[in-house]
Amino acid sequence: MSDLPRVVFMGSDAIAVPVLRYLAVEAADKVVVAGVFSQPDRPKGRGKHLQPNPLAAAARELGLPLLQPEKPGADEAEWLEEQGVRLVFVMAYGHLLRKRLLAAPALGYVNFHASLLPKFRGASPVETAVACGEAETGVSLMRIVPKMDAGPVLDTEAVAVEPLDTGASVREKLSAATVPLLARNLDALLSGRAVFNEQDESAVTYCRKLEKTDGQLDFTAPAHVLASRINGLDPWPGCFCEVGETRLKVRQALALGSAVAPEHLAPGSVIEAGREGVDIATGNGVLRILQLQRPGGKMLPARDFLSGFDLPEGTRLEGGEMRELLV
């Protein structure tokens with residue numbers, strides 16, 4: 001058996017694949033990945049065949065021991081002890097880790113949380129950060145404690161949120177950001193010299209689990225608020241509005257700076273629909289929607305969508321209440 005420290009990775013989402021690969025390949029001279037814990041394979045697709053999640057699939061591709069308990073507990077804690085695991089890395093695993101499990105590795109657990117803590121603790125930090133109009137977000141490397149996302153933080157890696165970034169594109173940035181974050185801290189973690197700093201509890205914000213109804217748009221809100229919401233909630237739950245009895249899904253949007261909607265057009269009214277997008281009057285400013293989708297159709301750039309769906313000036317797009325994403 002190798003004398004290198006033995007570590008374990010726990011995760012179930014594609015966002016964690018790059019950092020798992022880093023541990024298994026680039027850091028192979030520093031650690032042995034004794035195992036990967038991930039959610040069990042689930043039925044997917046039309047045929048409902050069992051399929052692994054992206055992290056489990058990556059573990060198999062890398063030839064790493066894969067454990068997929070339905071609910072990790074005492075047996076898994078005993079396995080960690082038997083394997084002599086020193087440290088456990090976690091990102092987007094999807095399970096609550098009990099005290100018995102947390103006590104098993106000598107150096108404890110560290111988690112990659114997809115926000116700049118103490119902002120955006122909770123269930124939807126990536127999407128909520130974008131939907132709330134943040135110009136920057138990031139990944140925090142923190143110690144796991146019993147309270148959700150409340151552990152002390154070792155280090156962070158920031159990423160910029162550009163005007164047309166979506167929840168999906170920012171998720172990819174954060175996924176890549178986990179690698180340099182771990183690379184510069186791995187030696188300190190393995191030696192026990194890592195210094196963690198407590199979070200500022202006065203600056204904490206919490207984001208909740210997203211629901212399908214969060215895709216509703218209230219066009220009385222300012223244009224920049226609507227643009228952030230549309231971009232942040234892409235691809236899920238996705239934003240939508242109604243034109244008469246037809247529901248349109250919308251994707252990618254911009255607030256047009258200091259543009260002012262004509263006074264005779266109420267919020268939600270189409271100002272102009274053309275090749276560049278569909279410009280909508282809002283409670284403050286003009287919103288440009290770049291992609292739209294009709295029922296049964298594909299998401300299309302505005303110029304293509306408009307060739308088969310007319311949105312003349314004055315057409316009203318109806319929405320609904322936009323619930324707060326922070327709790």
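Higher on the page you've got the structure.
Since this is a predicted model, take the numbers as computed values, not measurements.

Rules of the game
Within each chain, residues carry numbers counting from 1 in the order of the written sequence. With pLDDT at 70 or above as the cut-off, local features in this predicted model cover only qualifying residues; side-chain atom pairs require 80 or more to be listed or tallied, and sums for whole chains, interfaces and linings still use all residues. The side-chain values count all of the structure's non-hydrogen atoms but skip hydrogen atoms and water molecules. Put simply, a salt bridge is a Lys or Arg side-chain nitrogen that is within 4 Å of an Asp or Glu carboxyl oxygen. Put simply, DSSP marks the helices as runs of H or I at least four residues long and the strands as runs of E at least two long, and each gets a number from the N terminus on. When accessible area is computed with a 1.4 Å probe and restricted to protein chains, residues below 20% of their type maximum are described as buried, those above 50% as exposed, and intermediate ones as partly exposed. When DSSP finds two or more bridges between a pair of strands, those strands are recorded as paired. All axes here are fitted lines through C-alpha atoms, helices being fitted over the stretch that makes contact, and every angle between N-to-C directions spans 0 to 180 degrees. Orientation labels follow simple angle bins: below 35 degrees gives roughly parallel, above 145 gives roughly antiparallel, 65 to 115 gives roughly perpendicular, and whatever is left gives oblique. For any pair of crossing helices, the crossing counts as left-handed if the nearer helix is rotated counterclockwise from the farther one by less than a right angle, and right-handed if it is rotated clockwise. We call two residues in contact when some of their heavy atoms are within 4.5 Å. Each residue gets one of three labels, nonpolar for Ala, Val, Leu, Ile, Met, Phe, Trp, Tyr, Cys and Pro, charged for Asp, Glu, Lys and Arg, and polar for the others, Gly among them.

Mind laying out the pattern of salt bridges, listing which residues take part and the relevant values?
As enumerated under the stated definition, the model contains 18 salt bridges in all. The shortest N-O distance in the salt bridge between Glu-61 and Arg-21 comes to 3.0 Å. Taken as a pair, Glu-61 in helix α2 (residues 54-61) and Arg-21 in helix α1 (residues 17-26) lie far apart in primary sequence, 40 residues in all. With a relative accessible area of 58%, Glu-61 lands in the exposed category. By relative accessible area, which is 29% here, Arg-21 ends up partly exposed. A cluster of three or more residues bridged by salt bridges with shared partners is formed by Arg-208, Glu-211, Asp-214 and Arg-323.

Outline the pairing of strand β14 (residues 270-274), listing residues and values.
Summarising the sheet, β14 and strand β15 (residues 277-281) pair through four bridges and their orientation is antiparallel. In the sheet register, Gly-274 faces β15, and the bridge partner there is Gly-277. Where β14 hands over to β15, the hairpin turn is made up of two residues, counted between the paired strands.

Provide a residue-level description of the packing of α1 against α2, including the pertinent values.
Two packed helices can be described by the angle between their axes and the distance between those axes. At their nearest, the axes of α1 and α2 sit 10 Å apart, and the two run at 20° to each other. Judged by the inter-axis angle, α1 sits roughly parallel to α2. Considering only the axes of α1 and α2, their crossing is right-handed. Mapping the contact onto sequence places Val-17, Leu-20 and Arg-21 in α1 and Pro-54, Leu-55, Ala-58, Ala-59 and Glu-61 in α2. Split into classes, the residues belonging to the contact of α1 with α2 amount to six nonpolar, no polar and two charged.

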